[in-house]
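Now for the letters of each chain:
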Amino acid sequence: MRELIAALFTPRPAPRPDSTIGAELELIPISSVSKQRVGINSAAGQIGTAEIIRTVALERSWNEIADAYVAPSWELTPDGRISYEPGGQIEISSPICNSADELISFLYEVIEPLRTAAAASGVDLLAVGVDPYNSIDQVSAQFHAPRYDMMARHFDHIGPSGIRMMRQTASLQINVELGAMPLERWRLLNSLAPYLTAAFANSRMYAGEDTGQASHRALIWQRLDPSRTGLPYDAAHPIDAYVRFAERATRILSDDAAHLSTLFPEVRPRGYFELRSIDAVELDRAARAIRFVSALTTSERATREALDLLGDPDPSLLYTAATLGRADPMMDARITQLEQIAGVAISE
C-alpha cells in the first residue's frame, strides 16, 4: 500500500508544465416548471438529459459511448468527457489544459450550449452544491453500477449523508500538477481547503429549506464517513499519514488501487492533486476559483506568502467553513488576504 501511495506523490519522469490544470464541474438537472429532478432517460412526459446532450453532441461531433449500466457518456476531446453521477448529475470533465484561461474557455464552450439546449426543453442545469428543491426520497438512483451499489450499502450503515452525497451533491473539482516540490504543495492545498469551501460556498438551500449553512454540501461530505474524509495531513511524515488514513478506512472494494479511489479527503493525490472542497458554482465564479487556485500554486511568491499566512492544515476549520463560510470573521479576513496574494500573482 505504501509504495502505491508514494507513487501518487511522485512527479513523472517527464512532468508536464506546472501551469497545466484540469477540472470537473457537476450540474444538477431540474425541471424549469415543477422543480423536480430530471432523469437521464425520458419518462412521464419529461425529456431526459441524455436526449438533450445528444442534440448538442450531434452538432459538436461528440462521440457517445454506450454503458452496460444504462448511463451513457460522451468523449468531447482527448480526455474531455461528459458522464453521470448516480443521481443523474451531469459531470463535465476537462482535458488537461495548458493554462487556467484555456480551462475556463473549455468549460464555457461545453456548458453554455448544453444549458441552451436544456432550457429549450424545460430543464435547468443548476450549478449549486446540493439539490435546493428535492429531498432524498424524491431522487432515485439512475443506474446501478456495482461500484456505486457497494458504496451505497456501506454508507447506509453509517447514516443518510452517503446516499445524499451520491445522488444530490455537485462540486467543482480542480486538478493541479504535483509541482517541483509535491510535499510543499500538498501542505499548501490541505491548508487552503477550508478557505476554498468558505470562499465559494453555494449550497445553503436543500430540499426547499434554508439550512442556515454556507455549504450544506461540505457538511454532507464531512458526515458520510469520517474514516475516509477530511484532512489526513502530518507535517513530519505526510506520506505515512496518508498511508495510515488509507489503512484505517473500511474497505468497500478489495483491490488496493480501487480502495484508494473510495477515499474522499479534501485533497486527493492521484499523480496530481485533486481539490475537492468547492461547491458547484456558476461559470463566472468557477473561473475565479480556477484562477485563484492556479495563481497560488504556480507562483513561487504566492505559494510562499500563502503558506506563511495559513500555516499547517487545520481540520477544525472544515466545520467552520461549511457552517459559517465567510460569515466567520477570521476566515473572511484570510480569504481576503489570499485573494490579494493571488491577484498580484495573476497580474504579474
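Located above this text is the structure these notes cover.
Because the structure is predicted, anything quoted here is derived from the model rather than measured.

Asks: What's the story with the overall build of the protein chain in this structure? I'm lost.
Replies: Each helix and strand in the protein chain was counted, giving 13 helices and 13 strands. Its C-alpha radius of gyration of 19 Å places the protein chain within 12% of the 20 Å reference for a compact globule of 348 residues. When its C-alpha atoms are laid out on the principal axes, the protein chain stretches across 55 × 45 × 45 Å. Relative to its full complement of 348 residues, the protein chain shows a buried share of 57%. Taking the contacts inside the protein chain whose residues are at least 6 apart along the sequence as the reference set, 74% of them involve residues at least 24 apart. For the protein chain, the computed accessible surface area is about 14,500 Å², with 51% contributed by carbon and sulfur atoms. Here the protein chain holds 32 positive side-chain charges and 45 negative ones, and the gap between their average locations is 2 Å.

Asks: In this structure, what is going on with helix α2 (residues 49–60)? I would like to understand it.
Replies: Each full turn of the α-helix corresponds to 3.6 residues, which orients residues three or four apart in the same direction. Taking 1.5 Å as the rise per residue, α2 with 12 residues should run 16 Å; its terminal C-alpha atoms sit 16 Å apart, in good agreement. Taken together, the buried positions of α2 are T49, A50, I52, I53, V56 and A57. Angularly, the buried residues of α2 cover 155 degrees about the axis, an arc narrow enough to put them on a single face. Away from the buried face of α2 by more than 90 degrees, exposed residues L58 and E59 are located. Buried-residue contacts for α2 involve β1 (21–31), β3 (73–77), β4 (80–84), β5 (90–93), α3 (100–120) and β6 (123–126). One or two positions beyond α2, positive phi appears at S61, with a value near 60 degrees.

Asks: Would you explain empty space enclosed by the protein in this entry?
Replies: Empty space left among the atoms is revealed by rolling a probe the size of a water molecule over them. Applying the stated rule across the entire model yields two cavities of 30 Å³ or more. Reported here for the largest cavity is a volume of approximately 100 Å³. For the largest cavity, the full set of lining residues is S171, Q173, T197, R217, A218, W221, Q222, F264, P265, E266, R276 and L318. When contributions to the lining of the largest cavity are tallied by element, the ones reaching two or more residues are β7 (171–176), α7 (216–224) and β11 (264–265). Per element, the largest residue contribution to the lining of the largest cavity is four residues, and it comes from α7. Along the lines of polarity and charge, the residues of the lining of the largest cavity split into five nonpolar, four polar and three charged. Quantified by volume, the second largest cavity comes out at close to 40 Å³. Breaking the lining of the second largest cavity down by element, the ones donating at least two residues are α2 and α3. Top element by residues in the lining of the second largest cavity is α2. It accounts for three residues. The residue makeup of the lining of the second largest cavity, split by class, is six nonpolar, one polar and no charged.

Asks: Help me understand unusual backbone geometry in this model?
Replies: Note on backbone geometry: most residues besides glycine have negative phi, and most peptide bonds are trans. Even without a glycine there, the phi angle at A44 is positive, about 50 degrees. Counting through the fold element by element, A44 comes out in the loop between β1 and α2. Located in the positive-phi region is S61, a residue other than glycine, with phi close to 60 degrees. Turning to its location among the elements, S61 is positioned in the loop between α2 and β2 (63–65). Look at S61 and you get exposed, because its relative accessible area is 64%.

Asks: In this structure, what is going on with the nonpolar core? I would like to understand it.
Replies: One broad rule of soluble globular proteins: the nonpolar side chains tend to lie buried together. Counting 111 residues, the largest nonpolar core has I82 and I92 as its most contacted members. With 10 residues, α3 is the single largest residue contributor to this core. When residues no more than four places from it in sequence are discounted, the contact partners of I92 are A23, E24, L25, L27, R81, I82, F106, L107, V110, I111 and L114.

Asks: Please clarify how the packing of helix α11 (residues 300–310) against helix α13 (residues 329–347) should be interpreted in this entry.
Replies: Relative orientation and spacing of two packed helices are given, respectively, by the angle between their axes and the distance between those axes. At a minimum axis separation of 9 Å, α11 and α13 run at an interaxial angle of 170 degrees. In terms of their interaxial angle, α11 and α13 are classed as roughly antiparallel. Contacts between α11 and α13 involve R301, A302, E305, A306, L309 and L310 on the former and, on the latter, R334, Q337, L338, I341, V344 and A345. Partitioning the contact of α11 with α13 into residue classes produces eight nonpolar, one polar and three charged.

Asks: What should I look at first to understand the layout of surface pockets in this one?
Replies: Its volume calculated, the second largest pocket comes out at about 270 Å³. Around the second largest pocket, the lining is made up of 14 residues, and of these M181, E184, R185, E300 and T303 lie nearest the centre. Contributions of two or more residues to the lining of the second largest pocket are made by α6 (182–199), α10 (283–298) and α11. For the lining of the second largest pocket, the class distribution of residues is four nonpolar, five polar and five charged.

About the thresholds
Residues numbered from 1 in each chain as written. Predicted model: local features only at pLDDT ≥ 70, side-chain atom pairs only at ≥ 80, totals over all residues. Heavy atoms only, no water. Helix = DSSP H or I, 4+ residues; strand = E, 2+ residues; numbered from the N terminus. Rg over C-alpha atoms; globule rule 2.2 N^0.38 Å. Buried < 20%, exposed > 50% of the residue type's maximum accessible area, 1.4 Å probe, protein only. Contact = heavy atoms within 4.5 Å. Areas by Shrake-Rupley, 256 points an atom, 1.4 Å probe, with all protein chains shown as cover. Lys, Arg positive; Asp, Glu negative; His and termini not counted. Charge placed at Lys NZ, Arg CZ, Asp CG, Glu CD. Expected span 1.5 Å × (residues − 1). Arc of directions from axis to C-beta. 1 Å grid on protein atoms, 1.4 Å probe; cavity = no way out; pocket = protein on both sides within 12 Å on 5 of 7 lines; lining within 4 Å. Points joined across faces, edges and corners; volume = space filled by probe spheres on them. Nonpolar A, V, L, I, M, F, W, Y, C, P; charged D, E, K, R; others polar. Core = buried A, V, L, I, M, F, W, Y, C linked by side-chain atoms within 4.5 Å. Axes fitted to C-alpha atoms, helices over the stretch in contact; angles between N-to-C directions. Parallel < 35°, antiparallel > 145°, perpendicular 65-115°, else oblique.

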